[in-house]
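What follows is each chain in one-letter form.
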Amino acid sequence: MSQPIGRLWDEVVVVPDFPEPGISFKDLSGILANPETLSITVQAWIEAIGPERPTMIVGIEARGFPLGAALAYELGCGFVALRKGGKLPRDVHRAEYALEYGTAVLEMHTDALGSEDRVVIVDDVLATGGTLGAGVDLVQRTGAQVLSAAVILDLPALNGRAEMAHRGVPVHVLISDTA
Ligand code: AMP
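Residues numbered from 1 in each chain as written. Predicted model: local features only at pLDDT ≥ 70, side-chain atom pairs only at ≥ 80, totals over all residues. Heavy atoms only, no water.

Draft legend 1. Fine view of the site of the ligand. Close to the ligand lie 16 residues; Glu100, Asp123, Thr128, Gly129 and Thr131 are nearest. One of the backbone N or O atoms of Ser24 is found 3.1 Å from a nitrogen atom in the ligand. In this structure, an oxygen atom belonging to the ligand sits 2.7 Å away from a main-chain N or O atom of Gly129. Coverage of the ligand by the protein chains reaches 94% of its 480 Å² of free accessible surface. One can see that the ligand is located within the largest pocket. Put simply, the parts of the chain that give the shell around the ligand at least two residues each are strand E2 (24–27), strand E8 (125–126) and helix H4 (130–141). Sorting elements by how many residues they give to the shell around the ligand places E2 first, with three residues. Tallied by class, the residues present in the shell around the ligand amount to seven nonpolar, five polar and four charged. (Near = heavy atom within 4 Å. Polar contact = N/O pair within 3.5 Å; in protein donor to acceptor, adjacent residues only side chain to side chain. Areas by Shrake-Rupley, 256 points an atom, 1.4 Å probe, with all protein chains shown as cover. 1 Å grid on protein atoms, 1.4 Å probe; cavity = no way out; pocket = protein on both sides within 12 Å on 5 of 7 lines; lining within 4 Å. Sits in = over half its atoms within 2 Å of the grid points. Helix = DSSP H or I, 4+ residues; strand = E, 2+ residues; numbered from the N terminus. Nonpolar A, V, L, I, M, F, W, Y, C, P; charged D, E, K, R; others polar.)

Laid out in structure tokens, this is it:
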């Protein structure tokens with residue numbers, strides 16, 4: 001890789017007390033907005049995930065959509081969206097889960113994946129692992145195999161990797177906030 005992964009930190013904006021007091025929100029929009037850091041991100045995932053030979057990339061709303069679709073295009077995979085509750089028009093699998101702040105619902109069309117699919121799930125940030133864990137549940141309900149998950153930023157203090165290890169799913173992490 002021509003650019004160091006650490007370059008991604010230049011585009012991380014920390015927003016204190018968002019969306020509620022006590023939460024230190026890591027806004028990664030700038031990584032997508034900057035062509036150099038977007039390229040570093042997707043290239044790093046191509047190297048890590050390509051050898052796993054996925055057939056589908058599953059992206060979690062919202063930043064998992066552009067990141068996952070870029071990766072899917074590069075790897076020659078299809079892309080499936082996991083959406084927040086009430087957005088998908090046909091039959092869905094639904095998972096409710098706890099967040100670092102509050103609870104949330106994720107849904108996926110029941111016919112989006114099949115037992116032949118080998119899946120990697122993509123999101124921007126791993127905090128408690130509730131979101132990725134719900135994604136794993138939804139994918140596995142279709143009979144598809146979850147190979148791994150990929151995020152840009154891990155917040156190790158919230159133990160999301162342990163939650164995913166418990167489910168037997170490795171996580172590809174580009175940068176970790178050890179502060
Ligand atoms: P979790 O389910 O706790 O692992 O939270 C991960 C999801 O919530 C991701 O989709 C993130 O976009 C979002 N999220 C949770 N905590 C943060 C945070 N401190 N900064 C930015 N995004 C967060």
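Draft legend 2. Main features of unusual backbone geometry. In this model, Phe18 is joined to Pro19 through a cis peptide bond whose omega is 0°. Residue position: Pro19 is located in the loop between strand E1 (13–16) and E2. In this structure, the amide linkage connecting Glu61 to the following residue, Ala62, adopts the cis form with an omega of 5°. Within the secondary structure, Ala62 is located in the loop between strand E3 (56–60) and helix H3 (64–75). If you check the backbone angles, Asp17 has positive phi at about 60° while not being a glycine. Position of Asp17 relative to the elements: it lies in the loop between E1 and E2. Unusually for a residue other than glycine, Arg53 sits at a positive phi of about 50°.

Draft legend 3. View of helix H2 (residues 35–49). A rise of 1.5 Å per residue sets the reference length of H2, with its 15 residues, at 21 Å; its end C-alpha atoms lie 21 Å apart and thus fit the reference within 8%. Within the sequence span of H2, burial applies to Thr37, Ile40, Thr41, Val42, Ala44, Trp45 and Ile49. Contact partners of the buried residues in H2: helix H1 (29–33), H3, strand E7 (118–122), strand E9 (145–154) and strand E10 (171–176). The residue sitting at the N-terminus of H2 and contributing the capping side-chain oxygen is Asn34; that oxygen lies 2.7 Å from the backbone nitrogen of Glu36. (Expected span 1.5 Å × (residues − 1). Buried < 20%, exposed > 50% of the residue type's maximum accessible area, 1.4 Å probe, protein only. Contact = heavy atoms within 4.5 Å.)

Draft legend 4. Broad picture of the pairing of strand E6 (residues 103–109). With six of seven residues buried, E6 is to be regarded as a mostly interior element. For strand E4 (residues 78–84) and E6, the ladder comprises two bridges, and the chain directions are antiparallel. Counted as the bridge partner of Lys84 is Leu106 from E6. Examined bridge by bridge, strand E5 (residues 92–98) and E6 share seven bridges and lie antiparallel to one another. What sits directly across from His93, in E6, is Met108. (Pairing = 2+ DSSP bridges.)

Draft legend 5. Seen up close, the side chain of Thr41. Its location among the elements puts Thr41 in helix H2. Apart from the residues within four sequence positions on either side, Thr41 is in contact with Leu8, Ile31, Leu67, Ile152 and Leu174.

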